[in-house]
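As a plain string of letters, each chain reads:
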Amino acid sequence: MQYITLNNGIRTPQLGYGVWKVPNEEAANAVEQAIQAGYRLIDTAMIYKNEVGVGEALAKNIVPREELFITTKVWNADQGYENTLKAFDESLEKLGIDYVDLYLIHWPTPNFDQYVDTYKALEKIYKDGRAKAIGVCNFEIEHLERILNECEVVPAVNQVECHPYLQQNELKDFCKKHGIYIEAYSPLMNGTKVLEDPVIKELAEQHGKTPAQVILRWQLQTDVIVIPKTVTPSRMKENIDIFDFELSEGDMEKIAALDRGERHNADPNEMHFR
Ligand SMILES: NC(=O)C1=CN([C@@H]2O[C@H](COP(=O)(O)OP(=O)(O)OC[C@H]3O[C@@H](n4cnc5c(N)ncnc54)[C@H](OP(=O)(O)O)[C@@H]3O)[C@@H](O)[C@H]2O)C=CC1
Ligand SMILES: O=C1CO[C@H](CO)[C@@H](O)[C@@H]1O
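Definitions and limits used
- Residues numbered from 1 in each chain as written.
- Chains lettered and ligands numbered in written order.
- Predicted model: local features only at pLDDT ≥ 70, side-chain atom pairs only at ≥ 80, totals over all residues.
- Heavy atoms only, no water.
- Patch = residues over 30% accessible without salt bridge, like charges linked within 9 Å, V, L, I, M, F, W, Y side chains within 5 Å.
- Areas by Shrake-Rupley, 256 points an atom, 1.4 Å probe, with all protein chains shown as cover.
- Salt bridge = Lys/Arg side-chain N within 4 Å of Asp/Glu carboxyl O.
- Helix = DSSP H or I, 4+ residues; strand = E, 2+ residues; numbered from the N terminus.
- Buried < 20%, exposed > 50% of the residue type's maximum accessible area, 1.4 Å probe, protein only.
- Core = buried A, V, L, I, M, F, W, Y, C linked by side-chain atoms within 4.5 Å.
- Contact = heavy atoms within 4.5 Å.
- Near = heavy atom within 4 Å.
- Polar contact = N/O pair within 3.5 Å; in protein donor to acceptor, adjacent residues only side chain to side chain.
- 1 Å grid on protein atoms, 1.4 Å probe; cavity = no way out; pocket = protein on both sides within 12 Å on 5 of 7 lines; lining within 4 Å.
- Sits in = over half its atoms within 2 Å of the grid points.
- Nonpolar A, V, L, I, M, F, W, Y, C, P; charged D, E, K, R; others polar.
- Axes fitted to C-alpha atoms, helices over the stretch in contact; angles between N-to-C directions.
- Parallel < 35°, antiparallel > 145°, perpendicular 65-115°, else oblique.
- Arc of directions from axis to C-beta.
- Points joined across faces, edges and corners; volume = space filled by probe spheres on them.
- Left-handed = near helix turned anticlockwise from the far one by under 90°.
- Disulfide = S-S within 2.5 Å.

A.B. asks: Got a sec to walk through a nonpolar patch on the surface? Specific residues and values, please.
C.D. replies: Taken together, M1, Y3 and F243 make up a surface patch of nonpolar side chains, about 240 Å² in accessible area. Residue position: M1 is located in the segment before β1 (3-5). M1 gets classed as partly exposed once you look at its relative accessible area, which sits at 36%.

In structure tokens form, the structure reads like this:
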């Protein structure tokens, strides 16, 4: 596993395991298998409704708690200072742990007036030592600017959709300038067409790897944290088997040229789902 250091000195694995769409009753088994396969970062969220299942796997102490990096997120309906503190307590209880490694605001919406207060609750949680790091998801530059201007703690992470068809270069530059790590969600575009891209397929053939491995390796080499999801045991192994090859500068340029600003998930400015 490869690790990186966040802006507050906390270390995180650069590759993690995401559990969106993993049903609660399957999550314990999936997370246990992922830990056995070598994953140390688990990315869940209150809205995924599988924190209890994730917690069951954690309770097995497959590896010491301090070797794991657990992320969860406050959902839109729980935004606001007091609501967020309450939602955080509920997430901790479901997960059965006494701190998380990273707590994130899931969306800047549904009400753009609330995310600063929500972030202030995250700062309180952070200062109380119940989250080792805090950050945001789906924040655009203007949302981050408000946090940087009105809050004290610089977000450690901005978790956003990022894959070869949506490379987020402007946001990456802004975040880099402010010491905020980009964490790439839906790195395989949720298992859709980027895996069929001819350029990706050709690179996969050249390196004796799969399209998913080429995409995940590209993410590592662009210095982002990446959290693919799979419930398929062979893919769990495939997705972590990316530390034994390197994409050349030319390969990276070919993938850079695939950017087309194409989202699979919601646009942060239009996401008002509670
Ligand atoms: N903050 C946010 O707003 C969001 C955060 N996320 C986080 O990011 C994680 C990953 O994103 P997600 O949207 O789940 O999608 P991914 O881009 O990780 O793709 C997952 C899909 O790809 C398939 N897949 C996985 N590995 C391979 C492979 N090696 N070859 C072919 N297909 C593969 C999976 O199928 P199968 O499982 O059947 O093997 C699944 O259908 C989420 O689980 C969640 O933790 C995601 C969306 C939004
Ligand atoms: O992480 C995510 C997946 O689930 C949510 C919806 O249920 C999305 O809104 C979100 O971005």
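A.B. asks: Can you lay out the nonpolar core for me, pointing to particular residues and giving the numbers?
C.D. replies: Counting 74 residues, the largest nonpolar core has Y17, Y103 and Y119 as its most contacted members. Setting aside residues up to four positions removed in sequence, Y119 forms contacts with I105, I134, G135, V136, I147, C151, V153, V154 and P155. L104, A133, A156 and Y185 belong to the second-largest nonpolar core, a separate cluster that totals 17 residues.

A.B. asks: Outline the site of ligand 1, supporting the account with residue identities and numerical values.
C.D. replies: If you check the shell around ligand 1, you find 28 residues, and the closest are D43, S186, L188, T230 and T232. Within the side chain of N190, a nitrogen or oxygen atom sits 2.8 Å from an oxygen atom of ligand 1. Between ligand 1 and the protein, one listed contact pairs an oxygen atom with a side-chain N or O atom of K229 at 2.8 Å. Here ligand 1, which alone exposes 910 Å², has 88% of that area covered by the protein. When atoms are counted within 2 Å of each cavity's grid points, the one that captures over half of ligand 1 is the largest pocket. Top contributing element to the shell around ligand 1 by residue count: helix α9 (residues 233-240), with three residues. Looking at the shell around ligand 1 residue by residue, the class counts come to 13 nonpolar, ten polar and five charged.

A.B. asks: Before we move on, can you summarise the packing of helix α2 (residues 51-59) against helix α3 (residues 81-95) with the specific residues and values?
C.D. replies: Direction vectors running N to C along α2 and α3 enclose 45°, while the axes themselves pass 7 Å from each other. By the angle class used here, α2 and α3 are oblique. Across from E51, V52, V54, G55 and L58 in α2, the residues of α3 making contact are S91, K94 and L95. Grouping the amino acids of the contact of α2 with α3 by side-chain chemistry returns four nonpolar, two polar and two charged.

A.B. asks: Give a detailed account of helix α7 (residues 198-207), specifying residues and quantitative values.
C.D. replies: Every buried residue of α7 is listed here: I200, L203 and A204. Seen from one end, α7 has its buried residues packed into an arc of 105°, which puts them on one side. Opposite the packed face of α7, turned more than 90 degrees from it, sit the exposed residues P198 and E205. For α7, the secondary structure elements touched by its buried residues are α8 (211-221) and α10 (249-256). Near the N-terminus of α7, the side chain that reaches the backbone nitrogen of V199, with its oxygen 2.8 Å away, is that of D197.

A.B. asks: Can you break down empty space enclosed by the protein residue by residue, with the values?
C.D. replies: The final tally for this structure, using the stated rule, is one cavity of 30 Å³ or more. There is about 40 Å³ of room inside the largest cavity. Lining of the largest cavity is provided by N138, F139, E140, V160, E161, Q168, L171, Y185, R263 and P268. Among the residues forming the lining of the largest cavity, the class breakdown is five nonpolar, two polar and three charged.

A.B. asks: Tell me about the packing of helix α4 (residues 115-127) against helix α5 (residues 141-150), and name the residues and values.
C.D. replies: Contact geometry of α4 with α5 gives a least axis separation of 10 Å together with a crossing angle of 55°. Taken as axis vectors, α4 and α5 run oblique relative to one another. Crossing angle aside, the handedness with which α4 passes α5 is right-handed. Note on element contacts: α5 touches α4 through E142, H143, R146, I147 and E150, opposite Y115, V116, Y119 and K120. Taken together, the residues that form the contact of α4 with α5 break down as four nonpolar, one polar and four charged.

A.B. asks: Can you break down the state of the cysteines residue by residue, with the values?
C.D. replies: Two cysteines form a disulfide when their sulfur atoms are joined by a covalent bond. Under the counting rule described, the total for this entry stands at zero disulfides. Not part of a disulfide, C175 finds its nearest cysteine sulfur in C162, a span of 11 Å. Overall, the relative accessible area of 0% leaves C175 in the buried class.

A.B. asks: Provide a residue-level description of the pattern of salt bridges, including the pertinent values.
C.D. replies: This structure, assessed with the given rule, holds 15 salt bridges. A salt bridge links K193 to E262, with the nearest nitrogen and oxygen atoms 2.5 Å apart. Here K193, found in the loop between β9 (181-185) and α7, pairs with E262, found in the segment after α10; they are 69 residues apart in sequence, far enough to count as distant. For K193, a relative accessible area of 44% corresponds to the partly exposed category. Of the residues examined, E262 reaches a relative accessible area of 23% and is grouped as partly exposed.

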